[in-house]
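A closer look at the structure
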Amino acid sequence: KKKVDWLPFWIGCLAGIIPWIVFAIYVAGATINGSGGIPTFVYFIYASMFAFFSSFAVNMYLQYTKKGKWADYLYGERVYMILSLVAKSVLAWQVFFGTLRP
């Protein structure tokens, strides 16, 4: 196909952002009502996971528009695999070290 249909991309972005917004509202509510708050490491997890999962959308955009190295379909797929591995590893380490806090 010469012309890319962007509708699935935008629907995916909308469906993907909703859980992040809901969690942000939950965190804000827990902080405001003074119920003890949320551990600091959870904020770092939230920020880093948001950055990683947003990078999946960036990778998809670059792959669809065939910019630079992403003109090669396999390059984009390799980037997906690397992003997935790194995001899950970072999450695991953050949870691990966060639970070890006194």
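Here the structure is shown first, and the text comes after it.
Here's a quick rundown of the structure. (Residues numbered from 1 in each chain as written. Predicted model: local features only at pLDDT ≥ 70, side-chain atom pairs only at ≥ 80, totals over all residues. Heavy atoms only, no water.)

Further remarks concern the overall build of the protein. Of regular secondary structure, the protein possesses 3 helices and 0 strands. Seen in sequence order, the protein has helices and strands lined up from the N terminus as α-α-α. Over its C-alpha atoms the protein spans a radius of gyration of 17 Å, topping by over 25% the 13 Å that the globule rule assigns to 102 residues. Along the three orthogonal principal directions, the C-alpha set of the protein runs to about 55 × 25 × 15 Å. Taken over 102 residues, the protein has a buried fraction of 21%. Of the contacts formed within the protein by residues at least 6 apart in sequence, a portion of 61% connects residues at least 24 apart. If you sum the accessible surface of the protein, you get close to 7,600 Å²; carbon and sulfur atoms cover 75% of it. (Helix = DSSP H or I, 4+ residues; strand = E, 2+ residues; numbered from the N terminus. Rg over C-alpha atoms; globule rule 2.2 N^0.38 Å. Buried < 20%, exposed > 50% of the residue type's maximum accessible area, 1.4 Å probe, protein only. Contact = heavy atoms within 4.5 Å. Areas by Shrake-Rupley, 256 points an atom, 1.4 Å probe, with all protein chains shown as cover.)

Here we take up unusual backbone geometry. Backbone geometry at K66 places phi at a positive 55°, although glycine is not the residue there. Here K66 lies in the loop between α2 (40–65) and α3 (73–99). Classification of K66 as exposed rests on a relative accessible area of 56%.

Among the nonpolar cores identified, the biggest contains 14 residues, and I38, M49 and F52 are the most heavily contacted of them. Broken down by secondary-structure element, the contributors of at least two residues to this core are α1 (7–32), α2 and α3. With 6 residues, α2 is the single largest residue contributor to this core. (Core = buried A, V, L, I, M, F, W, Y, C linked by side-chain atoms within 4.5 Å.)

We now examine the packing of α1 against α2. Remark: α1 packs on α2, axes separated minimally by 11 Å, with the N-to-C direction vectors making an angle of 170°. Accordingly, the angle class assigned to the pair α1 and α2 is roughly antiparallel. Of α2, the residues touching α1 (which contributes F9, C13, I17, W20, F23, A24, V27 and T31) are V42, Y43, Y46, M49, F50, F53, A57, M60 and Y61. The residue inventory of the contact of α1 with α2, partitioned by class, reads 16 nonpolar, 1 polar and no charged. (Axes fitted to C-alpha atoms, helices over the stretch in contact; angles between N-to-C directions. Parallel < 35°, antiparallel > 145°, perpendicular 65-115°, else oblique. Nonpolar A, V, L, I, M, F, W, Y, C, P; charged D, E, K, R; others polar.)

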